[in-house]
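# Close look at the chain arrangement
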Amino acid sequence: MSSAMRKTTTTPRTRRLAAATIALGSCLALAVPAGGVAAAPADPVPTVFFGDSYTANFGIAPVSNQDSERGWCFQAKENYPAVATRSLADKGVTLDVQSDVSCGGALIRDFWEKQELPFGAGTLPAQQDALKQDTQLAVGSLGGNTLGFNRILKQCSDELRKPSLLPGDPVDADESAAKCGEFFGTGDGKQWLDGQFEQVGWELEELLDRIGYFAPDAKRVLVGYPRLVPEDTTKCLTAAPGQTQLPFADIPQDALPVLDQIQKRLNDAMKKAAADAGGADFVDLYAGTGANTACDGADRGIGGLLEESQLELLGTKIPWYAHPNDKGRDIQAKQVATKIEEVLNR
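Within each chain, residue numbers correspond to sequence positions counted from 1 in written order. This being a predicted model, a pLDDT of at least 70 is required before a residue's local features are given, and a value of 80 or more before pairs of side-chain atoms are given or counted; all residues contribute to the totals for chains, interfaces and linings. Calculated side-chain values reflect all of the structure's heavy atoms, with hydrogen atoms and water omitted.

## Re the packing of helix H9 (residues 187–214) against helix H10 (residues 256–277)
Fitted lines through C-alpha atoms give the axes, limited to the stretch in contact for helices. The angle between two N-to-C directions lies from 0 to 180 degrees. Secondary structure elements are taken from DSSP: a helix is a run of H or I of four residues or more, a strand is a run of E of two residues or more, and numbering for both begins at the N terminus. Here H9 crosses H10 at 30°, and the two axes come no closer than 9 Å. Taken together, the axes of H9 and H10 lie roughly parallel to each other. Viewed along their axes, H9 and H10 form a crossing whose handedness is right-handed. Residues Leu193, Asp194, Phe197, Val200, Leu204 and Leu208 of H9 touch H10, and the partners they reach there are Ile262, Arg265, Leu266, Ala269, Met270, Ala273, Ala274 and Ala277. Ten residue types, Ala, Val, Leu, Ile, Met, Phe, Trp, Tyr, Cys and Pro, are classed as nonpolar, four, Asp, Glu, Lys and Arg, as charged, and the remainder, Gly among them, as polar. Its residues assigned to classes, the contact of H9 with H10 comprises twelve nonpolar, no polar and two charged. Working definition: roughly parallel below 35 degrees, roughly antiparallel above 145 degrees, roughly perpendicular at 65 to 115 degrees, and oblique for all remaining angles. Throughout, a crossing is termed right-handed when the near helix is turned clockwise from the far one, and left-handed when it is turned anticlockwise from it by less than a right angle. Whether two residues are in contact is decided by their heavy atoms, any of which lying within 4.5 Å being enough.

Rendered as structure tokens:
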């Protein structure tokens, strides 16, 4: 973003005005007579969904735009934006979805830069290009790929270090996967992780500023990621029904709490970015999915690392790589729809 644009959207004066506006809105809301309920928007709400594979719902078939470059986004036709939009319509809240530009592999910076598709399949326009002056709602998740969660997983797994569709390299291939918990807690691993979180923080700020610039009237809803690892990691020592692989394959059990701590830190960074943006909202999926992790057996909302997903490529099943399955997608859709309804009814 240019310095002029940054000044337009992030000056202390602007933030004070935004805070005052929010405070005034809160006072007006409190002034509604007892028993009064805010009405749902009478007109369709122009909406843009953005994000990465957790918004696109990688792993769920069928995939949208299979005959175009966007097929490489692995965006499910029934991703959580589509399911949430339908459930809101049933409640009388109509979203006019201008675009859903969520795409697997997207980094935060792909919101304002072209996204490089895998296997030299081309590029996609910056996701911010979908925003219009009349967009009133922007919803989505970005941050996991910028943090490098795929690289973190590969640091902890010899199985994932083998050639696969999961992009990226381990953070340090010379370090043993068996010692990844220690690696991220000290020395170079900790320093790398701290640097990644710093980048995630300022890029999320940039993303939310840009939504405010290109769609001034849009409500901004940043969606977190569902919890992957349960508090009780002994549950991860049992394969899910019908599966032979453990949910986290060969990742050492002592590394699983470390992965959970990293995800919780990402969740907190996203929550902070939304709060600091002034007027942005956050959907805390991490807090609401602790009973539906990859290790929760029949109740799992996350497909195991090497569990076969619904997708095939060249006749071979693609693993979930710890993405939401149908159950997890429905949980995402329900919580996102609840937040959208709350935001629009203010």
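## A closer look at the pattern of salt bridges
For this document, the term salt bridge refers to a Lys or Arg side-chain nitrogen within 4 Å of an Asp or Glu carboxyl oxygen. All chains considered together, the criterion is met by 18 salt bridges. As a salt-bridge pair, Lys91 and Glu341 come within 3.5 Å of each other at their nearest N and O atoms. Of this pair, Lys91 sits in the loop between helix H4 (80–90) and strand E2 (95–100) while Glu341 sits in helix H12 (residues 326–344); the two residues are 250 residues apart in sequence, bridging distant segments of the chain. To sort residues, take the accessible area from a 1.4 Å probe on protein chains only and compare it with the maximum for the residue type: under 20% means buried, over 50% means exposed, and anything in between is partly exposed. Given the relative accessible area of 22%, Glu341 is considered partly exposed. The salt bridge partner of Lys162 is Glu159, with a shortest N-O separation of 3.1 Å. For Lys162, a relative accessible area of 46% puts it in the partly exposed group. By relative accessible area, Glu159 is classed as partly exposed at 33%. Several salt bridges converge on common partners, so that one network encompasses Asp281, Lys339, Glu342 and Arg346.

## Considerations on the packing of H4 against H12
Between H4 and H12, the least distance of the axes is 8 Å, while the angle of their chain directions is 50°. Taken together, the axis directions place H4 and H12 in an arrangement best described as oblique. When the axes of H4 and H12 are compared, the crossing they make is right-handed. The segment H4 lies against H12, with Tyr80, Val83, Ala84, Ser87 and Leu88 engaging Arg329, Asp330, Gln332, Ala333, Val336, Ala337, Ile340 and Glu341. Counted by class, the contact of H4 with H12 contains eight nonpolar, two polar and three charged residues.

## Quick notes on the state of the cysteines
Formally, a disulfide is one covalent bond, and it connects the sulfur atom of one cysteine to the sulfur atom of another. Criterion for a disulfide: a pair of cysteine sulfur atoms at a distance within 2.5 Å. A full pass over the atoms with the stated rule returns three disulfides. A sulfur-sulfur separation of 2.0 Å characterises the disulfide bridge that pairs Cys236 with Cys295. Torsion about the S-S bond of the Cys236 and Cys295 cystine: about 100°, corresponding to right-handed handedness. On the criterion of sequence distance, the pair formed by Cys236 in the loop between strand E6 (219–223) and H10 and Cys295 in the loop between helix H11 (285–288) and strand E8 (308–313) is long-range, its members being 59 residues apart. For the pair shown, Cys236 and Cys295 are each scored as buried. Look at the chain and number its bonded cysteines as they come in the sequence; the links are 1-2, 3-4, 5-6.

## Quick word on H10
Over its 22 residues, H10 extends 32 Å from the first C-alpha to the last, a length consistent with the 32 Å expected when each residue adds 1.5 Å. By the burial criterion, the buried members of H10 are Leu256, Val258, Leu259, Asp260, Ile262, Gln263, Leu266, Asn267, Met270, Ala273, Ala274 and Ala277. Phi turns positive, to about 75°, at Gly278, one or two residues after H10. Expected helix span is computed as 1.5 Å times (number of residues minus one).

## Observations regarding the sheet that holds strand E5 (residues 137–141)
Adjacent strands of a sheet form backbone hydrogen bonds with each other and so pair up, either parallel or antiparallel. Strand order in the open sheet formed by five strands is E2-E1-E5-E6-E7, with parallel pairing between adjacent strands. Strand pairing shows two members of the sheet lacking a second neighbour, E2 and strand E7 (281–283), which therefore form its edges. Along the sheet, successive strands turn relative to each other by an average axial angle of 25°, direction set aside. Two strands are counted as paired when DSSP detects at least two bridges linking them. By the bridge criterion, five bridges tie strand E1 (residues 45–51) to E5 in an arrangement that is parallel. By the bridge assignment for E5, Gly51 is matched with Ser141.

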